[in-house]
Amino acid sequence: MSEHPDCALVRQGYTAFVSGDMETLGTLMTADAVYHVPGHNPLSGHHKGREAILDLFRRMGEETDGTMQIQLEAVLADGRGHVMSFHTSRADRGDRGIEIREGLFFTIVGGKVTDIDECTEDLDEMDAFWS
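Residues numbered from 1 in each chain as written. Predicted model: local features only at pLDDT ≥ 70, side-chain atom pairs only at ≥ 80, totals over all residues. Heavy atoms only, no water.

A separate point is the sheet that holds strand 4 (residues 82-93). An order of 2-1-6-5-4-3 is seen for the 6 strands of this open sheet, with the pairing classed as mixed. Both outer strands of the open sheet, strand 2 (45-48) and strand 3 (69-77), are each paired with one neighbouring strand and no more. Ignoring which end each strand starts from, the neighbouring axes of this sheet average 20° apart. Relative to strand 2, strand 1 (residues 29-37) is paired through 4 bridges, and the arrangement is antiparallel. The residue of strand 2 that forms the bridge with His36 is His46. (Pairing = 2+ DSSP bridges. Helix = DSSP H or I, 4+ residues; strand = E, 2+ residues; numbered from the N terminus. Axes fitted to C-alpha atoms, helices over the stretch in contact; angles between N-to-C directions.)

What follows is the structure, given as structure tokens:
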């Protein structure tokens, strides 16, 4: 059974993110894509546009001194342009560490990501880590 193309796109994005390949990651989304980060911390909010999203990812790497690790657990498609992914994030930032399960809800149009909504199992823990 072959993987749905939308799932393959999201997996490609994870591979690029984990390896720090921002160039490839940028090719997987539209110029006006939006990434929504929940919570009340310096990274929270709506990051509008490919460059703003890539800047967010770079900042995450810088803030964690490259310690962020992502373990992808599942990628699910509905066949209508929506994909859900589930992963565990691990990182250190200063004297704090985090290990937390998260999910991303993608909207895909024309083979490109247009919108990403991030969800987390513990908003308070995420806010404390990034604040």
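Moving on, there is more to tell.
Note that Val109 resides in strand 5 (residues 96-109). Residue class for Val109 comes out exposed when judged on its relative accessible area of 51%. Counting along the chain gives 29 residues from Val109 to Arg80, while the straight-line C-alpha distance between them is 9.2 Å. (Buried < 20%, exposed > 50% of the residue type's maximum accessible area, 1.4 Å probe, protein only.)

On to the pairing of strand 6 (residues 112-120), then. Sheet analysis places strand 1 next to strand 6, joined by 4 bridges and oriented parallel. Looking at strand 6, one finds that Met29 is bridged to Val113. Two successive antiparallel strands, strand 5 and strand 6, enclose a turn made up of 2 residues, where Gly110 displays a positive phi of approximately 60°.

As a further point, take the nonpolar core. One finds Leu25, Tyr35, Phe57 and Phe106 to be the most contacted residues of the largest nonpolar core, which totals 33 residues. Here this core gets 6 residues from one element, more than from any other, and that element is helix 1 (residues 5-19). Those residues in contact with Phe57 that lie beyond four places of it in its chain are Phe17, Met22, Leu25 and Tyr35. (Core = buried A, V, L, I, M, F, W, Y, C linked by side-chain atoms within 4.5 Å. Contact = heavy atoms within 4.5 Å.)

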